[in-house]
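A structural walkthrough
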Amino acid sequence: MGKREGTDKGKLERRNILRVSSGQHERMTSVESKKLPGLAWPRWLPESCAITALAGLLAYFLRVSWRKWPDPIVDSSQEWYAAWRIAEGGRLFHEGRWNYGPLSAYFNGELFRVFGSNLTVLFTANLLIYAAILVLTYMAFRRAWGWLGAFAACAVFISIFSFSHLTSIGNYNYAAPYSHSSTHGILLMFVALFVAAAWCRGESPGFALLLGICGGIAAVLKPEFMLAMGMVGAGALALRFLQRNPVSAAEWALLVAGAMAPTLLFTLGFWTHEPFSAAFAHASNAWWRVVVKPIASPGFVAGQSLMAGFDHPWRNGWTEFKDGVCAIIVLAAIWAAGCFINSPASKKRIALLLIFGGIAVCLRLDGGWFRVGRCILLPALLIVAFTAGRLVRACCKPVELPPSAIMQWLLALFSVAMLARMPLFVRVYHFGFFQAAPAAMLIAAVTVAEIPCWVGKPRAGRIAAAVCGLFVLTLPCISIAARSNGIRAEQTQQIAVGLDRFYAFNVEVDTTGALVDWVVKRLATEPPGRVLVVPDGLSINFLSRRISASPEIGASWPAERQIQELRNSPPKYVVEISLDLTERGIRQWGTEGNPGYILVKWVNQNYVPVTSWGEPFSGTNLKGARILRRKTP
């Protein structure tokens, strides 16, 4: 006891000394400001200018992308349809395919029930969630690396990841994501970072319960966030033990209880209308479809391998290593530029010119700035190692860990954990809009706020290093934003009207948007009845407010099972529409010798065409759509 009291007394004395020295520094600064009023400016002014610049960036990218966020038929349509059916009293997993945890679907369904089932409600809610993500991102990086690091991280986040359209599919953004579980999970993770940082400081049953609840919510969203929560939780536990502050039995119990609560609540809810085993499986669907009952179709497995970079592991690994080394050389050049400015040696300008030349050479990454994600993994891993070493050294001293070091450690762990689904194919497009964004923001913050601190005390070198860092970050932001804006300019085809209105590619670029809009308008003139869209297209069901025929028709079921399902419960209408399924390993769906051919043949035998535009399954690059009505028995 005496030893602990002595240690606590020593800590209190050190804190008092820090407070006194801090107060003296503030008084000295205020005196200097009074002596030189013409040369001083308020401390809040630089940060206020940075926040204003971020607001301007956000307004610009929102204006460029306004209502151009969704894809007309792929991915996000499943989210709209599920939320609409839940709002109408339907049941998830019985009304359509669902590959993720149930939380986001029921959250959106409740929004539709309260505010009305239309896309404007969903867009508004998503933008509010995005605003919360942005605020928490700024707060987290500000605590870790100051306002300049927070500015750089948020500027990269807004410019590259938030509202960009960089592929043929347009729903990899925060306003109309392909999966709302992805954006809801990012918000959850930033909340969890602050909870974990608070829990690291000492025993707290309340924060233990909150951290467990965050982990439990991740378990009803997506497996990526389960892994990230596990990494952040393990990092927080490591800090507790490094500080010789073990977790109490009460905290362990509350952690476990909080982690189990969301799954248990959903299980009890599903149990009211289905067996307990099915209820638990549906409540655990986020990881059930990965561990227990994974999707085993050859096209899906091949697509997942491709997206993770395992299709050519050695080649992809070498590319990432090579680009990562280039990125590290660039960071070293930024540090060297600051050091040269601070050094008393002669010919500083020539040396600085050589440094900038080295930067320009190393910036030539494979594939240009569009492939800049390839250089993210190696620097992110080094930052994890650096922050871990800093924490270990700090824990060896008898002082309290600074909040900045704790947040740096947790941010680094979170960022690397989010790259686990694309370890050999890190990218800023596609799934990268939420999986690679944390690591890119981490590197941006370190570039402009950490590296300048290593060049020495003189301000000139620090400013030079920070300016070089901002310059290097500006190049990919401008290049990728220009690519996205060029694609956005082609999105002039309006789909639907009123509160469901959004824009897709014009017919010169891609006829899919025009086909969807045409089908929705033609269905509006037909009598009520269920509609089956093949091979996929729940956006048509949602926009026309028509129930789909079956949850799995046109997906991964065998053709015989699909036809049997249609015989047992035939829909009144069938819509055939061209759709690119190469991502699933299908080149020409519905044509002879390809998936869907038997199903299309059966449909054409039992349904009569109502109207058509083009030929949906011609086997060529020409696209089309056809509406068919069931023959009168």
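Residues numbered from 1 in each chain as written. Predicted model: local features only at pLDDT ≥ 70, side-chain atom pairs only at ≥ 80, totals over all residues. Heavy atoms only, no water.

1. Remarks on the overall build of the chain
Scanning the chain for helices and strands turns up 23 helices and six strands. A total of 633 residues make up the chain; the buried ones form 53% of that total. When contacts within the chain are restricted to residue pairs at least 6 apart in sequence, long-range pairs at least 24 apart make up 72% of them. Accessible surface computed for the chain: about 28900 Å², of which carbon and sulfur atoms make up 65%. (Helix = DSSP H or I, 4+ residues; strand = E, 2+ residues; numbered from the N terminus. Buried < 20%, exposed > 50% of the residue type's maximum accessible area, 1.4 Å probe, protein only. Contact = heavy atoms within 4.5 Å. Areas by Shrake-Rupley, 256 points an atom, 1.4 Å probe, with all protein chains shown as cover.)

2. Some remarks on the packing of helix H13 (residues 313-342) against helix H19 (residues 459-488)
Their axes nearest at 7 Å, the elements H13 and H19 cross at an angle of 150 degrees. Taken together, H13 and H19 sit at an angle that is classed as roughly antiparallel. Relative to H19, the crossing made by H13 is right-handed. Where H13 abuts H19, its residues Val330, Ile334, Ala337, Gly338, Ile341 and Asn342 lie against Ala460, Gly461, Arg462, Ala464, Ala465, Cys468, Gly469 and Val472. (Axes fitted to C-alpha atoms, helices over the stretch in contact; angles between N-to-C directions. Parallel < 35°, antiparallel > 145°, perpendicular 65-115°, else oblique. Left-handed = near helix turned anticlockwise from the far one by under 90°.)

3. Section: a nonpolar patch on the surface
Among the surface-exposed residues, Leu264, Leu268, Trp271, Phe276 and Phe280 lie close enough to one another that they form a single nonpolar patch of about 490 Å² accessible area. Within the residue set of the nonpolar patch, elements represented by two or more residues are helix H9 (249-271) and helix H10 (276-283). Top contributing element to the nonpolar patch by residue count: H9, with three residues. Mapped onto the elements of the fold, Leu264 is located in helix H9. A relative accessible area of 48% places Leu264 in the partly exposed class. (Patch = residues over 30% accessible without salt bridge, like charges linked within 9 Å, V, L, I, M, F, W, Y side chains within 5 Å. Salt bridge = Lys/Arg side-chain N within 4 Å of Asp/Glu carboxyl O.)

4. Structural notes on the packing of aromatic side chains
Taken as a whole, this structure holds 39 aromatic pairs when the rule is applied. A ring pair is formed by Trp271 and Phe276, whose centres lie 5.1 Å apart and whose planes are at 75 degrees; its orientation type is edge-to-face. Clustering of aromatic rings is evident, with ring pairs tying together Trp98, Tyr100, Tyr130, Phe157, Phe163, Tyr172, Tyr174, Tyr178, Phe225, Phe431, Phe433 and Phe434. The ring of Trp84 carries Arg85 above its face, with NZ or CZ at 5.0 Å from the centroid. Positioned over the ring face of Phe425 is Arg427, at 4.5 Å from the centre of the ring. (Phe/Tyr/Trp six-rings, centres within 6.5 Å; stacked < 30°, edge-to-face > 60°. Lys NZ or Arg CZ within 6 Å of the ring centre and 35° of its normal.)

5. Here's the deal with the confidence of the model for the chain
Detail in the predicted coordinates should be disregarded across regions flagged by low pLDDT. Within the chain, residue pLDDT values average 86, and 87% of them lie at 70 or more. Ranking the elements of the chain by mean pLDDT puts helix H1 (residues 2-35) last with 40 and helix H5 (residues 119-162) first with 97. Across residues 1-39, where pLDDT falls below 50, the model places six contacts with residues more than four positions away in sequence or in other chains. (pLDDT = per-residue confidence, 0-100.)

6. Points about the sheet that holds strand S4 (residues 573-577)
Spatial strand order, S3-S4-S6-S5: four strands in an open sheet with mixed pairing. Both edges of this open sheet fall to strand S3 (531-534) and strand S5 (607-613), since each of them pairs with a single strand only. The mean inter-strand angle of the sheet, taken between neighbouring strand axes irrespective of direction, is 20 degrees. The pairing of S3 with S4 spans four bridges and is classified as parallel. If you follow Val534 over to S4, its bridge partner there is Glu576. Against the sheet, helix H23 (residues 597-606) contacts S3, S4, S5 and strand S6 (625-630), and its axis sits at roughly 105 degrees relative to S5. (Pairing = 2+ DSSP bridges.)

7. Observations concerning unusual backbone geometry
Between Val534 and the following residue, Pro535, the backbone shows a cis peptide bond with an omega angle of 0 degrees. Position of Pro535 among the secondary structure elements: in the loop between S3 and helix H21 (538-544). Of note in the backbone geometry, Asp75 takes a positive phi value of approximately 65 degrees without being a glycine. Locating Asp75 in the fold gives a position in the loop between helix H2 (44-65) and helix H3 (76-87). Of the residues examined, Asp75 reaches a relative accessible area of 30% and is grouped as partly exposed. A positive phi angle, close to 55 degrees, is found at His430, a residue other than glycine. Position of His430 among the secondary structure elements: in the loop between helix H16 (403-417) and helix H17 (432-435). A residue is classified by how much of its surface remains accessible, and His430, at 10% relative accessible area, is buried.

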